[in-house]
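Structure at a glance
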Amino acid sequence: MSIVSFDDWKKKKQRGSAYNSRGGLRDDVAAREEEGYDLCVFLSEERSAPDADPARIDELLKQLKALTDALPREHAFHYFKAFLAYWEDNEQEFFNQFDQYLESEKRLYGELADCDWWIDSFVWVFTPAFPGMYGRVSELFFKHWPLCSMGWVFEALEISDSTEENIEQELDLLMLALSADPKCYLAYYLIATIYYDLRLWRSALPYFEKAAESAMYSQDPAFYFDYGWAADKAGKYELALNLYNSCLLLDESYPCAVNNLGCVYLRMGKPEEALSQFTRAIKLNLDGMLPYRNSVTALEQLGRYDDAVTFIKKYVAVGRLNGRYEMEVPRLQALAAGEIEFQNNAAFAESGGKAVDPAFDKHVIADELERRVEQEGTLFGKNCSVYEDENGYGREYHIPGAGRIDLLLKSGRDFVVVAIAQKGNDERSLLRLMRQTSVVKKTLCKRFQKVSGVLVCTSPSPTLLILKKALPAEDITIYELGFTLEKIDEQLSIRGTTNED
């Protein structure tokens, strides 16, 4: 019979379990796990850096492997093994180890970790995802936490990464994530970026605002830049100034942030402040030719026409302005001489940032309806405006139980719910509209307020019209959107003749 010393027994126990006698994570294990998580972040950042150092990567990998081998075969041991498998493109081992990690998370903590944890320790670490990765990860999250927010988020990311991307389905899944966890900041951010890409700037803003509550995004200059861009495009200039400044506080040389800050000042009618920002960008050698071109606009706004001419000649000579700017010199000289009147050109200030894809057909129609409401104040024969409250703007307005409303209007005290039928989905769109009007009535309407619904389609099907007659929906009307083509000059001649008579 062998006798085991207490020290040997303690070391053996420490190697065998990550948990203390009460089921919590041991302090020494927790400290080593935190070190391991940091190593994974460093490795991910190093590999994605444009000047990645292979020797540095090898050294960090050795540290992570040594730390992993020294850990008990529980909890974060499986996370680190999953990371190493991902690093080596061993997909099956990655899923096996990550499954065991989630199982130990559930056993140790019960509840799903906060969204910020998964942003920092999964989304930003396991990048880029290999094909099908997000879909399988979604299944694992649902296995341990049925219908959890992160499961819906990863399901949406899987659709986004697929060759058959479906924006509507992505948004529906992300809304489910928010229903499961109102503090799922990743879902807010992803919704904001979808609306951003669709150029639905005002609809994107409330989701950017919610995402900004995240500890992760609040430290990310790229987040504030995109948020600032959306605010600028939405005409929320004070907000855009604050956001671009937040971006620059985190990274004083963030691409296009200084230039765009100047553009916002120009659009606010503050050319002096704008010129200050363009000069700052030029001194710091930021943002390419943009601040040079915008400086000409700012000088013109200030009435400093001679300075604008001097500026153009100086920077055309050194190649910082295109030669076409020399064509502006005669116009500026005529302005200086008072021969022509100044025309405000602040709208042409050139912001820099990522290009956005053209909007989809459904959103083109919604854009036109929104334009008519904002410019004319009427739609469908009613005086109305786009509804807005603390929960969002009336384009793609979300209400639990109703989903996303294409356009929510206010006509006096009453609500008007507008649905736009996708091609081939007239009947389904009508049923969706009926449900949305019912939910709006229960959720938003107060005493004596009414709600009506309008379905807009490009070519209503016979089945739709039959269904409309069959269903008891007295407050639902259908509009067909069409185009007219008229020869303007003939109308002008007729009007001219009438005036002469």
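Note: the structure precedes this text.
Structural notes, computed from the coordinates. Predicted model only: the values in this text are computed from it and were never measured. Residue numbers restart at each chain and count upward from 1, following the sequence in its written direction. Side-chain atom pairs in this predicted model are given and counted only at pLDDT of 80 or more, local residue features only at pLDDT of at least 70, and totals for whole chains, interfaces and linings cover all residues. For the side-chain quantities, the full set of heavy atoms in the structure was used; hydrogens and water were omitted.

1. Brief notes about the pairing of strand 8 (residues 414-420)
Stated formally: Buried, partly exposed and exposed residues are distinguished by accessible area as a fraction of the type maximum, computed with a 1.4 Å probe on protein chains only: under 20%, between the cut-offs, and over 50%, respectively. Secondary structure elements are defined from DSSP: runs of H or I of at least 4 residues count as helices, runs of E of at least 2 residues count as strands, and each element is numbered from the N terminus. DSSP bridges decide pairing: two strands pair if at least two such bridges lie between them.
Counting buried residues along strand 8, 6 of its 7 residues qualify, which places the element largely inside the surrounding structure. Sheet topology places strand 7 (residues 403-411) next to strand 8; 5 bridges connect them, and they run antiparallel. Counterpart to Ser 411 in the pairing with strand 8 is Asp 414. Between strand 7 and strand 8, which pair antiparallel in sequence order, lie 2 residues; one of them, Gly 412, sits at a positive phi of approximately 65°. As paired strands, strand 8 and strand 9 (residues 451-457) are joined by 6 bridges and run parallel to one another. Its bridge partner lying in strand 9, Phe 415 is registered against Val 451.

2. With respect to empty space enclosed by the protein
Put simply, the rule reads: With a 1 Å grid spanning the protein atoms alone, the term cavity applies to any set of points in which a 1.4 Å probe fits but cannot get out, the term pocket to an open set with protein on both sides within 12 Å along at least five of seven lines, and the term lining residue to any residue with an atom within 4 Å of a point. Grid points are joined across faces, edges and corners, and a volume is the space filled by probe spheres set on the points. Following the grouping adopted for this structure description, the nonpolar residues are Ala, Val, Leu, Ile, Met, Phe, Trp, Tyr, Cys and Pro, the charged ones are Asp, Glu, Lys and Arg, and the polar ones are all others, Gly among them.
On inspection of all chains with the given rule, the structure shows 1 cavity of 30 Å³ or more. If you add up the space inside the largest cavity, you get close to 50 Å³. Considering the residues around the largest cavity, the lining is formed by Tyr 195, Ser 203, Pro 206, Tyr 207, Asn 391, Gly 392, Tyr 393, Arg 395, Glu 396, Tyr 397 and His 398. Residue assignment for the lining of the largest cavity shows that the elements contributing at least two residues are helix 11 (201-211), strand 5 (392-393) and strand 6 (395-399). Residue composition of the lining of the largest cavity, by class: 5 nonpolar, 4 polar and 2 charged.

3. Topic: the packing of helix 11 against helix 12 (residues 221-233)
Helix packing for two helices is described by the angle between their axes and how far apart those axes are. Applicable threshold: Note on definitions: angles span 0 to 180 degrees between N-to-C directions of axes, and those axes are lines fitted to C-alpha atoms, for helices only across the stretch in contact. Crossings are classed by handedness, with left-handed meaning an anticlockwise turn of the near helix from the far one by less than a right angle and right-handed meaning a clockwise turn. Any two residues having at least one pair of non-hydrogen atoms within 4.5 Å are treated as being in contact.
Relative to each other, helix 11 and helix 12 sit at 145°, their axes nearing to 9 Å. Note on packing geometry: the crossing formed by helix 11 with helix 12 is left-handed. Contacts from Trp 201, Leu 205, Phe 208, Glu 209 and Ala 211 in helix 11 reach Phe 223, Asp 226, Tyr 227, Trp 229, Ala 230, Ala 231 and Lys 233 in helix 12. In the contact of helix 11 with helix 12, the residues fall into 9 nonpolar, no polar and 3 charged.

4. Observations concerning the environment of Ser 162
For the record, the criterion: By the criterion applied in these results, polar contacts are pairs of N or O atoms within 3.5 Å in which, for protein atoms, one can donate a hydrogen and the other can accept it, and in which residues neighboring in sequence qualify only through two side-chain atoms.
Note that Ser 162 resides in the loop between helix 8 (149-161) and helix 9 (167-180). Sequence-wise, Ser 162 and Gly 132 are 30 residues apart; in three dimensions their C-alpha atoms are separated by 8.3 Å. A distance of 2.7 Å separates the side chain of Ser 162 from the backbone oxygen of Ile 159, its partner in a polar contact.

5. Observations concerning the pattern of salt bridges
Side chains bearing opposite charge may pair, as long as their charged atoms lie close to each other. Here is the rule we go by: Criterion for a salt bridge: a side-chain nitrogen of Lys or Arg within 4 Å of a carboxyl oxygen of Asp or Glu.
Following the criterion strictly, the structure yields 16 salt bridges and no others. Between Asp 307 and Arg 304 there is a salt bridge, with its nearest N and O atoms 2.9 Å apart. The exposure class assigned to Asp 307 is partly exposed, which follows from its relative accessible area of 36%. On the basis of relative accessibility, which here comes to 33%, the residue Arg 304 falls in the partly exposed class. Linking Glu 368 and Arg 371 is a salt bridge whose minimum nitrogen-to-oxygen distance equals 2.8 Å. Within this pair, Glu 368 and its partner Arg 371 are both found in helix 19 (residues 361-376), separated by 3 residues, close to a single helical turn. For Glu 368, a relative accessible area of 26% gives the class partly exposed.

6. Digging into the packing of helix 8 against helix 10 (residues 185-197)
For the record, the criterion: For classification purposes, angles smaller than 35 degrees are called roughly parallel, those larger than 145 roughly antiparallel, those between 65 and 115 roughly perpendicular, and all remaining angles oblique.
Packing of helix 8 against helix 10 leaves a shortest axis separation of 10 Å and a crossing angle of 30°. With respect to helix 10, the element helix 8 is oriented roughly parallel. For the pair helix 8 and helix 10, the sense of crossing is left-handed. Contact residues: helix 8 offers Met 150, Val 153 and Leu 157, while helix 10 offers Leu 186, Ala 187 and Leu 190.

7. What to know about helix 14 (residues 257-267)
The element helix 14 is largely enclosed, with a buried count of 10 among its 11 residues. If you check which residues of helix 14 are buried, you get Ala 257, Val 258, Asn 259, Asn 260, Leu 261, Gly 262, Cys 263, Val 264, Tyr 265 and Leu 266. Residues of helix 14 that are buried sit in contact with helix 12, helix 13 (237-250), helix 15 (271-283) and helix 16 (290-301). Immediately beyond the C-terminal end of helix 14, within one or two residues, lies Gly 269, with a positive phi of roughly 75°.

8. Details of the nonpolar core
The nonpolar side chains of a soluble globular protein tend to be buried, and buried together. Put simply, the rule reads: Side-chain atoms within 4.5 Å link the members of a nonpolar core, which is a set of buried Ala, Val, Leu, Ile, Met, Phe, Trp, Tyr and Cys residues.
In terms of nonpolar packing, the biggest core is built from 125 residues, with Phe 94, Phe 98, Phe 122, Phe 141, Met 150 and Val 153 touching the most fellow members. With 11 residues, helix 10 is the single largest residue contributor to this core. For Phe 141, the contacting residues outside a window of four places in its chain are Phe 98, Leu 102, Leu 112, Trp 118, Pro 146, Cys 148, Met 150, Gly 151 and Phe 154. Listed in part, the 21 residues of the second largest apolar core include Tyr 387, Phe 415, Val 440 and Val 451.

9. Side note on a negative patch on the surface
Heads up, the rule is: Like charges within 9 Å and nonpolar side chains (Val, Leu, Ile, Met, Phe, Trp, Tyr) within 5 Å are joined into patches, using only residues over 30% in relative accessible area that form no salt bridge. Each accessible area value is a Shrake-Rupley result obtained with a 1.4 Å probe; residue values ignore everything except the protein chains displayed when judging cover. When charges are counted, Lys and Arg contribute as positive and Asp and Glu as negative, whereas His and the chain ends are disregarded. In this description, the location of a charge corresponds to atom NZ of lysine, CZ of arginine, CG of aspartate or CD of glutamate.
The grouping of Asp 51, Asp 53, Asp 58 and Glu 59 at the surface amounts to a negative patch. Checked against the element boundaries, Glu 59 lands in helix 3 (residues 54-70).

10. Things to note about the packing of aromatic side chains
This is how the line gets drawn: In this analysis, rings of Phe, Tyr and Trp, with Trp reduced to its six-membered ring, are considered paired at centre separations within 6.5 Å, and the interplanar angle assigns stacked below 30 degrees, edge-to-face beyond 60, and tilted for intermediate values. Distance and angle both matter: a charge sits over a ring if NZ of Lys or CZ of Arg is within 6 Å of the ring centre and within 35 degrees of the ring normal.
One pass over the full model with this rule turns up 50 aromatic pairs. Relative to Tyr 254, the ring of Phe 225 lies with its centre 5.4 Å away and its plane at 40°, an arrangement referred to as tilted. With Phe 225 in helix 12 and Tyr 254 in the loop between helix 13 and helix 14, this pair connects stretches of sequence that are 29 residues apart. With respect to class, Phe 225 is no different from Tyr 254; both count as buried. A cation over a ring is seen here: Arg 47 above Trp 87, with NZ or CZ 4.0 Å from the ring centre. Above the plane of the ring of Phe 415 lies Lys 410, whose end atom (NZ or CZ) is 4.9 Å from the centre.

Everything listed here is a matter of coordinates, which is why it stays silent on function.
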